[in-house]
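An overview of the molecular structure
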Amino acid sequence: EPVQTTGAAALVSSAASLSGRRIGTYSVHERIGAGGMGDVYRAHDSKLHRDVALKVLAADLIGESDQQRQDHLRRFRSEAHALAALNHPNIAAIYGLEEADDVTAIVMELVDGSTLADRIAHEAVPVEEALAIAKQIAEALEAAHERGIVHRDLKPANIKLRPDGTVKVLDFGLAKAVGPAAARLRDVTLRATNSAPPATATGIVVGTAAYMSPEQAAGKAVDHRSDIWAFGCVLFEMLTGRAAFAGDTLTETLAAVMRADPEWSRVPSGVTARLRELLDRCLRKDPRQRFQAIGDARIALEEALSGSVLAAPSTRTRRERTAWIMTAVAMLGVIALAAAFYMTSRPGEAQPFRLSMPLPQGWSLALSSSRGEPTPLAVSPDGRRVAVVARQGDGPTTILIRDVGSESARPLAGTEGATSLFWSPDNRFIGFFADGKIKKADVSGGALTVLCAATAPFGGGTWGRDGTVVFSVLDKGNYRLRRVVDTGGGQPADALPDAPASGDTDDQEIRPWFLPDGRTLLYVLSGPWGQKPTVYAQRLGSPDRVKVAGTESSNVQYASGYLLFFRKATLMAQPFDAARLAVSGNPVPVAEHIQRHGLIPGYRLFSASQNGVLAYQGATDTATLAWVDRRGQTLGTIGEPAIYHAIALSHDETRVAAVIGEPRDLFIINLSNAVRMPLTVNRPGNPVWSHDDRFIDFNARPSDGGLRAFRKPSDGAGASERLLPDVKGPTVLFDRGRDDSILVGIPRDNRQDLTVVPGTGDRTPFRLASTPQDKRFGMFSPDGRWVAYVSNESGSVQHVWVAPVIRGTGAGDVKWQLSDADGGTLPQWSADGHVLFYISSSEMLTAVQLTRNGQALQPGPRTALFPIRLSQSEGGYTGLHYAVSRDGGRFLVILSSEAPVSVDVNWTDRLKR
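All of these numbers come straight from a predicted model, not from anything done at the bench.

To continue, consider the overall build of the protein chain. If you tally the helices and strands in the protein chain, you get 11 helices and 61 strands. Buried positions account for 57% of the 913 residues belonging to the protein chain. When contacts within the protein chain are restricted to residue pairs at least 6 apart in sequence, long-range pairs at least 24 apart make up 53% of them. For the protein chain, the exposed area adds up to about 35600 Å²; of that, 49% sits on carbon and sulfur atoms.

With that settled, the discussion passes to unusual backbone geometry. One non-glycine residue, Leu724, lies in the positive phi region at around 55 degrees. Here Leu724 is to be found in the loop between strand 46 (721–723) and strand 47 (732–736). Although it is not a glycine, Asp740 sits at a positive phi angle of roughly 70 degrees. One can find Asp740 in the loop between strand 47 and strand 48 (742–748).

Another point: the packing of helix 6 (residues 224–240) against helix 8 (residues 273–282). Following both chains from N to C, one finds helix 6 and helix 8 inclined at 140 degrees, their axes separated by 8 Å at the closest point. One finds that helix 6 runs oblique with respect to helix 8. You can see that helix 6 and helix 8 cross each other, and the crossing is left-handed. Mapping the contact onto sequence places Ile228, Trp229, Phe231, Gly232, Leu235, Phe236 and Leu239 in helix 6 and Leu278, Leu279 and Cys282 in helix 8. A breakdown of the residues in the contact of helix 6 with helix 8 according to their chemical character gives 9 nonpolar, 1 polar and no charged.

Strand order in the open sheet made by the 4 strands is 38-37-60-59, with antiparallel pairing throughout. In this open sheet, the two edge strands, each paired with only one partner strand, are strand 38 (634–642) and strand 59 (882–884). Going across the sheet, the axis of each strand differs from the next one's by a mean of 15 degrees, ignoring polarity. In this sheet, strand 60 (residues 890–895) lies alongside strand 37 (residues 623–629) in antiparallel orientation, the contact comprising 6 bridges. Each bridged residue has a counterpart across the sheet, and for Val628 the counterpart in strand 60 is Phe891.

Pairing is antiparallel in the open sheet, where 4 strands are placed in the order 51-52-53-54. This sheet does not close on itself; its edge strands, each paired only once, are strand 51 (775–780) and strand 54 (816–817). Judged from the 4 bridges that link them, strand 51 and strand 52 (residues 786–791) form a sheet pairing that is antiparallel. When the sheet's bridge partners are listed, Phe780 is paired in strand 52 with Val787.

Evaluation of the coordinates by the stated rule reveals 0 disulfides. Unpaired in terms of disulfides, Cys282 finds its nearest cysteine sulfur in Cys233, a separation of 9.1 Å. Judged by its relative accessible area of 0%, Cys282 falls in the buried class.

Turning next to the pairing of strand 21 (residues 448–453). The sheet contact formed by strand 20 (residues 437–442) and strand 21 spans 5 bridges and is antiparallel. Looking at strand 21, one finds that Ile438 is bridged to Cys452. Following strand 20, the chain reverses through 5 residues before pairing antiparallel with strand 21; Gly445 in that reversal takes a positive phi of roughly 110 degrees.

Let us look at the side chain of Asp629. Examined against the element boundaries, Asp629 turns out to sit in strand 37. For Asp629, a relative accessible area of 14% translates into the label buried. A polar contact of 2.9 Å, which involves the side chain of Asp629, links it to the backbone nitrogen of Arg631. From its side chain, Asp629 meets the backbone nitrogen of Gln633 in a polar contact 2.8 Å long. Among all residues touching Asp629, those that are not within four sequence positions of it are Leu635, Phe866, Gly889 and Phe891.

The nonpolar side chains of a soluble globular protein tend to be buried, and buried together. Ranked by size, the top nonpolar core spans 73 residues in total, and within it Ile137, Phe231, Met238 and Val903 carry the most contacts. Ignoring anything within four residues of it in the chain, the contact list for Phe231 reads Ala134, Ile137, Ala138, Leu141, Leu154, Leu278, Cys282, Ile294, Ala297 and Leu301. Counting residues in each nonpolar core, the second largest holds 43 residues, with Leu754, Phe780, Leu818 and Ile868 among its members.

A separate point is the pattern of salt bridges. Inspection of every chain in the model, using the stated rule, returns 31 salt bridges. Close ionic contact of Arg298 with Glu302 constitutes a salt bridge, the shortest N to O distance being 3.3 Å. Within this pair, Arg298 and its partner Glu302 are both found in helix 9 (residues 294–306), separated by 4 residues, close to a single helical turn. For Glu302, a relative accessible area of 31% corresponds to the partly exposed category. A network of salt bridges, in which partner residues are shared, links Glu109, Arg162, Asp164 and Lys168.

The rules behind each value
Residues numbered from 1 in each chain as written. Predicted model: local features only at pLDDT ≥ 70, side-chain atom pairs only at ≥ 80, totals over all residues. Heavy atoms only, no water. Helix = DSSP H or I, 4+ residues; strand = E, 2+ residues; numbered from the N terminus. Buried < 20%, exposed > 50% of the residue type's maximum accessible area, 1.4 Å probe, protein only. Contact = heavy atoms within 4.5 Å. Areas by Shrake-Rupley, 256 points an atom, 1.4 Å probe, with all protein chains shown as cover. Axes fitted to C-alpha atoms, helices over the stretch in contact; angles between N-to-C directions. Parallel < 35°, antiparallel > 145°, perpendicular 65-115°, else oblique. Left-handed = near helix turned anticlockwise from the far one by under 90°. Nonpolar A, V, L, I, M, F, W, Y, C, P; charged D, E, K, R; others polar. Pairing = 2+ DSSP bridges. Disulfide = S-S within 2.5 Å. Polar contact = N/O pair within 3.5 Å; in protein donor to acceptor, adjacent residues only side chain to side chain. Core = buried A, V, L, I, M, F, W, Y, C linked by side-chain atoms within 4.5 Å. Salt bridge = Lys/Arg side-chain N within 4 Å of Asp/Glu carboxyl O.

Here's what the structure looks like:
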């Protein structure tokens, strides 16, 4: 329900309600709704004995750094200053800014009554009443424009009607300062989401689609004339009971804004020609042809109210009747042309738009790597909805459904633990993996259906038009495509008849995608470790597969006549004939800097519908290196923001080795003065300090293209030296012990195994454990007796394990699982070896106490410390995302905000241009 709000910089912790508390002189009562990103409460002022509205900003923001919190506070206070400048009887008044205990609140006038949207929902507003309301709206806008502030989100839901007839304009949360006011109020006009791009950035659409001006919908710069357009939309809707520009989809709505005219025939027949002219002058596509000031509209309304608003047909002059008839004929022609346009056009032929869709406050996309199940983002086939896997705080993953262009998202009940989303062809259901099963949920809120059991669904799923669901699942060490019916209760069968017996080949069948015929699959065949994947097409029931293309990405889709794939972080599109199963022409870039899934190589986040809607999450360009305490509170930052990929803290805690930039380079950063010294290039990764801090070990790709381990003096004075020259194939360096033992990952049988190269005595390398599953991210304990590593050896979930360093028979038979059932990754030891840290699948830095009893190790209680997002860097095998101080009380981390989901509407039209 629309509620009162006068801005968008407010944030409130999702953990607690303020009801019943006292803030200064205000007794807080019930929560009356959400405003922008904050909460609005009814409160009573005990000093002045009046009820007020409190819009709150809580200080205990989950997962926020001091710098980010201070930014929110600064914007919040600036918003209050700006609202104070808009002192007008038709704008909800601000009484003050209250700061007490852990709460900052804007104290506002409590406006009783319903919204204009509620009023219009019942019926069109009578003309005289509509004009009286419109006049007060115009006066409010005129006052704001005189102060240099453009509303940018005027709509019926943001207008309240008091019982005494007074109109109040609310929610200046998307307001923009222009002219001389811009310098004074530049920071108060944006929604204070540190994850969202600036609301005024070119190409980003902000506002509500049905009330956007054409220039606003196109992402261009706007001024006060956009408010004049929105004012015309509101007046038209009051008079007719219908929105001036609307469509069944966001695409159709925006296309109507850009190209269509309102249905003028719906305007009541008794409205004078002059009032029609007022509407026309507000709703002209070219802002230069509109009223140039909202005061012009106010004057016209005053004249209409003082004169004959309703001219009876018997007294109407011949000139007026003739003008009306000519206008009606012209409007019929326009309507006919608009209808012809919609009958012959496709969404992809309309103007391309880009929308930004930040998640609700406190929610974040779930990019956990410990389960290894991607696809947290899926657009419905009709392009109307976007589904994401997200979590609130450190809670379980949940599916959020959001209509494209809507301002809110809703959780889908019963989808806790969900991963790997895929839509049904009719847009009614969404499939997902959870609890070792494939399930489907009715997006309207119906009951869940279990389709079948599915362990380790690393490769995602797809839904055919005949009710066949195809998915990739781990079977005896290899990923194979299986299929099952969507009615539930069936047994999975091989999807492809020539699928080799499990274990007979290193090829992995992943990422299936049904082509439009509903019978042909597009899928990725991932070969042995280190080889680039290949895209194939194959019809269900046919043994013949067609090679389509090679790719650097494990996420490939077909949409709107294009094959979509990645080259590094850039999403590419290449024309693809779905009948001939062949690409043509040259690939062209669609979107750059797409976020990669935390630790899954080659997987980046995007999803496309079949009618020109593309959703993706952009990668955050820069981040800050910072010290935080055990609660995640920022203690201090180091140097300027940069693109950080991995960090490693020296043992004396004076320097940090950091992989920075695109392309990646390895730097040594002096923590006392933040000076960066370049150390090496060649796309380095996994920096590891020697025990005396004199050397840095790292991975790099020399001219032969393979992944190799190197060593170089940490002062930069000397050449790089190849480590382990006798080891064939790629070697992933993980750690070095105090005795100079080296821990590396070497691929075997399409899996990565951990190998120890002793630093003394018999230096013959030996495998850490004998289990066939992947083992990676190994870290020696400080005394070198144990190794913590990540493996899926207990099933489909990646867990953190600890095993003794043992050579010979029986190695790997003794081990302890340290992470809980939710899984974990990226382990690190405390300096004394009594605590192990890791990142849980809910992306919380977690500490586990360890007790040693002879040769045994006993895990103790686990403590969740603070959120740390794996998506904060490019991840992969580049290295660790955090470092632990020797005393265990501080952590060096990469701090960055999460980019919102971007939605490109009609992206194919942009390609054609």
